[in-house]
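# Structural description and commentary
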Amino acid sequence: IFATVTIFVSTQAGRLLEKSALEDLHETNHALGSSVTQWLKSYTVLLRQLTSLPDIISMETVRQRPVLLATASADPNLFLVQTVNLNGINVARNDDSVLRDYSDRYWYLGAKAGNPITTEALISRTTGAPALNMSMPIKDSRGAIIGVMSIVSELDDVSAAIHINKVGNTG
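Okay, so let's go over this structure. (Residues numbered from 1 in each chain as written. Predicted model: local features only at pLDDT ≥ 70, side-chain atom pairs only at ≥ 80, totals over all residues. Heavy atoms only, no water.)

### Topic: the nonpolar core
Judged by nonpolar contacts, the single largest core of 20 residues is most densely connected at Tyr43, Val81, Met149 and Ile151. Within the residue set of this core, elements represented by two or more residues are helix 1 (2–51), helix 3 (61–74), strand 2 (90–93), strand 4 (130–139) and strand 5 (145–154). Ranked by the residues each element gives to this core, the list is headed by helix 1, at five residues. Ignoring any residue separated from it by four or fewer positions in sequence, one finds tyrosine 43 in contact with Asp75, Asn77, Leu78, Met134 and Ile151. Grouped together as the second largest cluster of nonpolar side chains are eleven residues, Val84, Trp107, Ala111 and Leu122 included. (Core = buried A, V, L, I, M, F, W, Y, C linked by side-chain atoms within 4.5 Å. Buried < 20%, exposed > 50% of the residue type's maximum accessible area, 1.4 Å probe, protein only. Helix = DSSP H or I, 4+ residues; strand = E, 2+ residues; numbered from the N terminus. Contact = heavy atoms within 4.5 Å.)

Right, here's the structure in full:
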C-alpha cells in the first residue's frame, strides 16, 4: 500500500510540475512573440520613413550622411545605419569606417530583389559581433530600385530591447 501511494503521489506531482512548466513556457513564448513583433514593426516603420526621404533617395553621400548620423545618434540600438548602391558598395554610413562591399549579403540581395523588408542574423563586418540587419529597397519616383537602406543592431542590444528573459536555470 505504501509503495502504491508513493508511486501515485510522485506521478501526480510530476504531472503538476510538467503542467506548470508548460504554462510558464507558453506565457513566456507569447510575451516574447509580442515583443519581437513590436520591435520589428517599429524598425520597419523607421526604414520606410528613411527610404522616403529625398536626401536618401538622392543616392548622394553628402546628402545621406547627415540623415544616417542623426538616425544612429537618436537610437542607441543601431550601431550602423547605411546605404548601399546596386553594386553592393556603401554609398554612405553613419560611422567613419571604410566603405564596404556587401554584394554577397542576404539582406542586400533580398532588398535589391525588391523584398519589402529583409532581415538577416549575421556576424557583423563592422564589429565582428553577432548582429541583426534589416534592409529595404530605396526607390526613385518611378518606383525603380536604386539602392538599399540598412540598419544594424547587435543581437545583445536586440535581446535587451525586447526584454528576453531567461526561462528556468538554463534559458
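### Regarding the sheet that holds strand 2
With antiparallel pairing, the five strands of this open sheet are ordered in space as 2-1-5-4-3. Among the strands making up the open sheet, the edge pair consists of strand 2 and strand 3 (118–123). Pairs of neighbouring strands in the sheet enclose a mean axial angle of 25°, with direction left out of account. Pairing of strand 1 (residues 80–84) with strand 2 involves three bridges; the strand directions are antiparallel. In the sheet register, valine 84 faces strand 2, and the bridge partner there is asparagine 90. Relative to strand 2, helix 3 is tilted by about 45°, and along the sheet it contacts strand 1, strand 2 and strand 5. (Pairing = 2+ DSSP bridges. Axes fitted to C-alpha atoms, helices over the stretch in contact; angles between N-to-C directions.)

### Some thoughts on the environment of valine 98
Residue placement: valine 98 occurs in the loop between strand 2 and helix 4 (106–112). Setting aside residues no more than four positions away along its own chain, valine 98 makes contact with Asn90 and Arg93.

### A closer look at the packing of aromatic side chains
Scanning all chains against the criterion turns up two aromatic pairs. Taking 5.3 Å as the distance between ring centres and 55° as the angle between the ring planes, the aromatic pair formed by tyrosine 102 and tryptophan 107 counts as tilted. In terms of burial, tyrosine 102 and tryptophan 107 fall into one category: buried. Pairing tryptophan 107 with tyrosine 108 gives two aromatic rings, centres 6.4 Å apart and planes at 85°, and the pair type is edge-to-face. Classification of tryptophan 107 by relative accessible area gives buried; the value is 1%. Each residue in the set Tyr102, Trp107 and Tyr108 is aromatic and connected to the rest through ring pairs, giving one cluster. (Phe/Tyr/Trp six-rings, centres within 6.5 Å; stacked < 30°, edge-to-face > 60°.)

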